[in-house]
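Structural overview
Here's the letter readout for the chains.
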Amino acid sequence: MNIPLDIHTHRLPQTPGEAIVNCSPETFLPQEGGWYSVGIHPWSLHIDPEASSSHPTLSQRMECLEAVVRHPQVLAVGEAGLDKLTAAPLFLQMEVFELQARLAMKVHKPLVIHLVKAVAEVSALKRTLLPANPWIIHGFRGKAALAADFLRHGFYLSFGEKYQEEALRLMPADRLLIETDESTVLLDKLYARAAALRGVSSCELKKTVERNVSKLFFKQ
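In this report, the structure presented in the accompanying data block is examined. Note that the structure is a prediction, hence the values are computed from the model and not measured.

1. Some remarks on the overall build of the protein chain
Helix and strand content of the protein chain: seven helices and eight strands. Taking 17 Å as the expected radius of gyration for a compact globule of 220 residues, we find that the protein chain reaches 17 Å, a close match to that expectation. Its C-alpha atoms give the protein chain principal-axis dimensions of roughly 55 × 40 × 35 Å. Here the protein chain, with 220 residues, has 50% of them falling under the buried criterion. The long-range share in the protein chain, meaning contacts at least 24 apart out of those at least 6 apart in sequence, stands at 60%. Roughly 10800 Å² of accessible area belongs to the protein chain as shown, and the carbon and sulfur atoms make up 55% of that amount. Looking at the protein chain, you have 24 positive and 24 negative side-chain charges, and the mean spots of the two groups are 7 Å apart.

See the structure below:
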């Protein structure tokens, strides 16, 4: 069994299982040996959540999502989240995000979060729900102070190609994850850069992330 060192990508890896591939419930087609996260992205929400000739209802999408996330190759729910720069109204985003957060709690799988300019809202929901399952902010680009605040509230942070170096440097080893997301930079290069910033070898950083991934996604 491969332990994925890339916890969030939108491209199929050369070897199935080397990365957690993100997709929507409608496009989930698992490869043998592959790992996945599946969720309803805020960018995919439509202003009118009612059924139309081209769009299923929110209820239908959630039913499909719940069926998919129970698949043994799906390791996480998401990416779900809030994005104040996208067209969907915030009230609709918050409704769908909470539904997915509760689903992740129900199936005991991590929640992978897309977050743009809605830190207060996500933090408030976490305080309300008090989830026992991990919440992971993917593609974290905030400053060290914001990272510290997220850590105090129990979040995990995943770093991709672009980030504040001081935030990554100060991350506790047991809360750190690495991802490629939509970047074309090779995963090994991302690890080499992050390792140099933290003053460790790339091999050591990979072992650290492997332990974190095993704990978060493969805990029985």
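Anyway, onward from the coordinates.
2. Focus on helix H7 (residues 202–217)
In this model, H7 (16 residues) spans 22 Å end to end at C-alpha, consistent with the 22 Å of a helix rising 1.5 Å per residue. What H7 keeps buried is the set Leu205, Thr208, Val209, Asn212, Val213, Leu216 and Phe217. For H7, the angular spread of the buried residues around the axis is 135 degrees, confining them to a single face.

3. What about the sheet that holds strand S7 (residues 156–159)?
The eight strands are arranged S1-S2-S3-S4-S5-S6-S7-S8 in an open sheet whose pairing can be described as parallel. Strands with a single pairing partner mark the edges of an open sheet, and in this sheet they are strand S1 (6–9) and strand S8 (176–178). Within this sheet the neighbouring strands show an average axis-to-axis angle of 30 degrees, counted without direction. The sheet contact formed by strand S3 (residues 35–38) and strand S4 (residues 74–83) spans three bridges and is parallel. Residue Val38 lies in a different strand from S4, and its bridge partner there is Val77. Docked against the sheet, helix H2 (residues 90–107) engages S4, strand S5 (111–116) and strand S6 (135–137), running at close to 160 degrees with respect to S4. Lying on the sheet, helix H6 (residues 187–198) is in contact with S1 and S8; it crosses S8 at an angle near 150 degrees.

4. Section: the environment of Thr184
Within the element layout of this structure, Thr184 appears in the loop between S8 and H6. Looking at Thr184, the relative accessible area reads 73%, which means it is exposed. When the C-alpha positions of Thr184 and Glu161 are compared, they lie 8.9 Å apart, and in sequence the two are 23 residues distant.

5. A short note on the pattern of salt bridges
What the rule picks out here adds up to 10 salt bridges. The salt bridge partner of Lys84 is Glu121, with a shortest N-O separation of 2.8 Å. With Lys84 in the loop between S4 and H2 and Glu121 in helix H3 (residues 119–129), this residue pair connects regions lying 37 residues apart in the sequence. For Lys84, a relative accessible area of 41% corresponds to the partly exposed category.

6. A look at unusual backbone geometry
Here the amide bond leading from Gly78 into Glu79 is cis, since omega sits at 15 degrees, within 30 degrees of zero. With respect to the element layout, Glu79 can be found in strand S4. The phi torsion at Asp181 lies on the positive side, around 55 degrees, for a residue other than glycine.

7. Some thoughts on the nonpolar core
One recurring pattern in soluble globular proteins: nonpolar side chains tend to sit buried together. Counting 68 residues, the largest nonpolar core has Val38, Phe97, Leu111, Ile113, Trp135, Phe159 and Phe217 as the members making the most contacts within it. In terms of residues, this core owes the most to one element, H2, which gives seven residues. In contact with Trp135, not counting residues within four places along its chain, are Phe97, Ala101, Leu111, Ile113, Val122, Leu125, Lys126, Leu129, Phe155 and Tyr156.

8. Topic: the pairing of S5
Extensive coverage of S5 is indicated by the burial of five of its six residues. With five bridges connecting them, S4 and S5 associate as parallel partners. Paired with Leu82 across the strands is Leu115, a residue of S5. In the classification by handedness, the crossover that spans S4, the intervening H2 and the parallel S5 is right-handed. Here three bridges tie S5 to S6, and the two strands are oriented parallel to one another. Note that in S6 the partner of Val112 across the bridge is Ile136.

What counts and what doesn't
- Residues numbered from 1 in each chain as written.
- Predicted model: local features only at pLDDT ≥ 70, side-chain atom pairs only at ≥ 80, totals over all residues.
- Heavy atoms only, no water.
- Helix = DSSP H or I, 4+ residues; strand = E, 2+ residues; numbered from the N terminus.
- Rg over C-alpha atoms; globule rule 2.2 N^0.38 Å.
- Buried < 20%, exposed > 50% of the residue type's maximum accessible area, 1.4 Å probe, protein only.
- Contact = heavy atoms within 4.5 Å.
- Areas by Shrake-Rupley, 256 points an atom, 1.4 Å probe, with all protein chains shown as cover.
- Lys, Arg positive; Asp, Glu negative; His and termini not counted.
- Charge placed at Lys NZ, Arg CZ, Asp CG, Glu CD.
- Expected span 1.5 Å × (residues − 1).
- Arc of directions from axis to C-beta.
- Pairing = 2+ DSSP bridges.
- Axes fitted to C-alpha atoms, helices over the stretch in contact; angles between N-to-C directions.
- Salt bridge = Lys/Arg side-chain N within 4 Å of Asp/Glu carboxyl O.
- Core = buried A, V, L, I, M, F, W, Y, C linked by side-chain atoms within 4.5 Å.
- Right-handed = clockwise from strand over helix to strand, strands pointing away.

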